[in-house]
Amino acid sequence: DEICFLTATELAGLIRRRDVSAREVMEAHLRRIEAVNPGVNAIVTLVAEKALDAADAADAAVARGEALGPLHGLPIAVKDAHRTRGIRTTQGSPIHADDVPDTDELIVEREKQAGAIVLGKTNLPEFGAGSQTFNPVFGPTLNPYDLSRTCGGSSGGSAVALACGMAPLADGSDMGGSLRNPASFCNVVGLRPSPGRVPSWPAQLAWSTLSVDGPMARTTADVALLLSAIAGPDPRSPIALGEPGSRFAAPLDRSFQGTRIAWVHLGLPFEAEVRAVVDAQRPVFEGLGCTVEDEEPDLADADEIFKGIRAWLFEAARGDDYRARRPLKATIVWNVEQGLGLTGPDLGRLETMRTALYERIRLFMTRYDYLVLPVSQVLPFDIDTEFPTQVDGVAMDSYIDWMRSCYLISATGNPAISVPAGFSADGLPVGLQIVGRYNDDWSVLQLAHAFEGATEHGKRRPA
């Protein structure tokens, strides 16, 4: 347990200095998985022997004095949406329950090149649809802070693996909150990077910017460490940003004196405890030297933009399955059918509206450096509830409406991070969301790191 709750940054240093071997680190995490995973169902495909062999190879490289990558010898848990060579990749769907790819997805390729060792795949909702992690292949993943509650999603298995000490690093993806929501529900850190920061390949719609891949960990510094390995340009992605990933390996400390924060709620309903926990953090930012003001950006049309483009993306990705009458859960069918109803002029109007939204947010953030708001509008809910149908007495019209606090931010394209903000009276985690200027992922990490250091909420572990 001592090894399993060290930070990834600490472990990487220990392995480099040969104070601990990569095999010892891997064996400790495999014992932890054996003890804890049956109770939470976070890691759904385990490749223990492959991982141990790779750990031995990592130790041999250290002994030979070879140049080592930033993640050398570190175990990593990979979301089951990401293709892994020689390891089953199901996407949580019966359609792909037995798929074993012969290539790695780009994010996995980069993790391995940086020296990380894949120990297994983490659970997700079917095709990553929805923020409740369950599927017909593996069943539900439970929240380690309360086994009767959901861990969120769609990167839910990754968040739980981190919270339980089963891996020091994990990856995920985020369209409407899938890195941020489970991080919030499990008291870990999840970054939704700027589109193109972590390029995706292979991709059916390579120019799309609504869904992004990204890092998760128990600390912001570890998220930055993983980002340093997976970010950077790649000719296979037409939207990949040119900035090298190595820049995210720098120290995160800086002064925030005079920084301006807009404290926002976006006009949304929130459960009272969520709002109370997050609002109680306001003095922390003021103590860091920030000027905090109540000011709301104009996110008019963001809801329609996100839902419309999402529906189009679902039809493009799952339309063939729908037409072939392959098994799909009802919410995916609904999303595909919404996409089928869109016309060319509809899509043109959505993109025009999205451009206007970008301009309004750009101008707003010439006055403010950050937005701060809750990650989720609700506390972790009952594991048998597919999605909340109301928030604070306000009815939700669809299975994603309760995640507006995340997906409205997705529509802007700005980077956003979920960082632990405290707990409800019943001990359920609550996350705080920091949103930065367009493409300014580094600054978002810096403020999250400062907040984390001032509060240490993330150090509280599940029983």
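Structure's up top.
**Details of unusual backbone geometry**
Trans is the common state for peptide bonds, and a negative phi is the common state for residues other than glycine.
Move 1: Of note, the amide linkage connecting Gly153 to Ser154 takes the cis form, showing an omega dihedral of 10°.
Move 2: Structurally, Ser154 is set in the loop between β5 (146–150) and α5 (156–163).
Move 3: With omega at -5°, the peptide bond leading from Trp201 into Pro202 counts as cis.
Move 4: Its identity as a non-glycine residue notwithstanding, Gln91 has a phi of 60°, on the positive side.
Move 5: Here Gln91 is to be found in the loop between β2 (75–79) and α4 (106–113).
Move 6: Even without a glycine there, the phi angle at Asn439 is positive, about 70°.
Move 7: By secondary structure assignment, the location of Asn439 is in the loop between β15 (429–435) and α14 (441–455).
Move 8: Judged by relative accessible area, Asn439 falls into the partly exposed class, the value being 29%.

**Re the environment of Asp222**
Move 1: As for its placement among the helices and strands, Asp222 is situated in helix α7 (residues 220–230).
Move 2: Given a relative accessible area of 2%, Asp222 falls into the buried group.
Move 3: Spatially, the C-alpha atoms of Asp222 and Tyr358 are 30 Å apart, while their sequence positions differ by 136 residues.
Move 4: If we ignore the near neighbours within four places in the chain, the residues touching Asp222 are Thr7, Ala8, Thr9, Pro168, Leu169 and Ala217.

**A short note on the environment of Ile417**
Move 1: With respect to the helices and strands, Ile417 occurs in strand β14 (residues 416–423).
Move 2: Between the alpha carbons of Ile417 and Ala448 there is a distance of 7.5 Å; along the sequence they are 31 residues apart.
Move 3: If sequence neighbours within four positions are ignored, Ile417 has contacts with Val189, Gly190, Leu191, Thr220, Leu432, Gln433, Ile434, Val444, Leu445 and Ala448.

**Let's talk about the pairing of β15**
Move 1: Within β15, 7 of the 7 residues are buried, which leaves the element mostly enclosed by the surrounding structure.
Move 2: Of the two faces of β15, both are covered, the one formed by Pro429, Gly431, Gln433 and Val435 as well as the one formed by Val430, Leu432 and Ile434.
Move 3: Bridge count for strand β11 (residues 370–374) against β15 is 4 bridges, and the pairing is antiparallel. Looking at β15, one finds that Leu371 is bridged to Val435.
Move 4: Here β14 folds back onto β15 in antiparallel fashion, the turn holding 5 residues, of which Gly427 has a positive phi close to 85°.

**Here's the deal with the packing of helix α10 (residues 302–323) against helix α11 (residues 330–340)**
The axes of two packed helices give the description: the angle between them and the distance between them.
Move 1: Running from N to C, α10 and α11 point in directions that differ by 110°, and their axes come no closer than 7 Å. Our classification of the angle between α10 and α11 gives roughly perpendicular. For the element pair α10 and α11, the recorded crossing hand is left-handed. Two secondary-structure elements touch here, α10 through Arg310, Ala311, Trp312, Phe314, Glu315, Arg318, Gly319, Tyr322 and Arg323 and α11 through Ile332, Val333, Asn335, Val336, Glu337, Gln338, Gly339 and Leu340.

**A word on the nonpolar core**
Move 1: Counting 105 residues, the largest nonpolar core has Leu71, Leu74, Ile261, Phe285, Leu432, Ile434 and Leu445 as the members making the most contacts within it.
Move 2: Counting residues in each nonpolar core, the second largest holds 30 residues, with Val40, Cys151, Ala161 and Met216 among its members.

**Section: the sheet that holds strand β9 (residues 260–263)**
Move 1: Read across the open sheet, the 11 strands follow the order β1-β3-β2-β6-β8-β7-β14-β15-β11-β9-β10; overall the sheet is mixed. With one partner strand each, in any of the chains shown, β1 (43–46) and β10 (291–294) form the two edges of the open sheet. Strand-to-strand, the axes of this sheet are offset by a mean angle of 30°, without reference to chain direction.
Move 2: Sitting on the sheet, helix α8 (residues 272–279) is in contact with β9, β11, β14 and β15, with an inclination near 60° to β15.

**Quick notes on the pattern of salt bridges**
Move 1: Taken as a whole and assessed by the stated rule, the structure comprises 33 salt bridges.
Move 2: A salt bridge links Arg180 to Asp174; the nearest nitrogen and oxygen atoms lie 3.0 Å apart. Here the two residues Arg180 and Asp174 agree in accessibility, since each one is buried.
Move 3: Between Asp303 and Arg404 there is a salt bridge; the shortest N-O distance is 2.9 Å. Remark: Arg404 occurs in helix α13 (residues 404–412) and Asp303 occurs in helix α10; sequence separation between them is 101 residues.

**With respect to the state of the cysteines**
Note: disulfide means a covalent bond formed between the sulfur atoms of two cysteine side chains.
Move 1: Scanning all chains against the criterion turns up 0 disulfides.
Move 2: Of all cysteine sulfurs in the structure, the one in Cys164 sits closest to Cys4, which takes part in no disulfide; the separation is 11 Å.
Move 3: Sulfur of Cys406: no disulfide; nearest cysteine sulfur belongs to Cys186 and is 13 Å away.
Move 4: Taking the relative accessible area as the measure of exposure, Cys406 reaches 0% and is therefore buried.

What counts, and at which threshold
For every chain, the first residue of the written sequence is number 1, and numbering continues from 1 onward in sequence order. In keeping with the predicted nature of the model, local features appear solely for residues at pLDDT of at least 70, side-chain atom pairs appear and are counted solely at 80 or more, and the whole-chain, interface and lining totals rest on all residues. Note that water and hydrogens are dropped before the side-chain values are worked out from all heavy atoms of the structure. We count a stretch as a helix when DSSP gives it H or I for four or more residues in a row; a strand needs E for two or more, and each element gets its number in order from the N terminus. Only protein chains enter the accessibility calculation, which uses a 1.4 Å probe; a residue is then buried when its area is under 20% of its type maximum, exposed when over 50%, and partly exposed in between. Any pair of residues with heavy atoms lying within 4.5 Å of one another is described as a contacting pair. Two strands are said to pair when DSSP picks up at least two bridges between them. Each axis is a line fitted through C-alpha atoms, taken for helices only over the stretch in contact, and angles between the N-to-C directions span 0 to 180 degrees. The labels follow the angle: roughly parallel below 35 degrees, roughly antiparallel above 145, roughly perpendicular from 65 to 115, and oblique for the rest. Crossing handedness is defined as follows: a turn of the near helix away from the far one that is anticlockwise and smaller than a right angle gives a left-handed crossing, while the clockwise case is right-handed. Take the buried Ala, Val, Leu, Ile, Met, Phe, Trp, Tyr and Cys residues and link them wherever side-chain atoms come within 4.5 Å; each set so joined is a nonpolar core. The working definition used for a salt bridge is a side-chain nitrogen of Lys or Arg within 4 Å of a carboxyl oxygen of Asp or Glu. Criterion for a disulfide: a pair of cysteine sulfur atoms within 2.5 Å.

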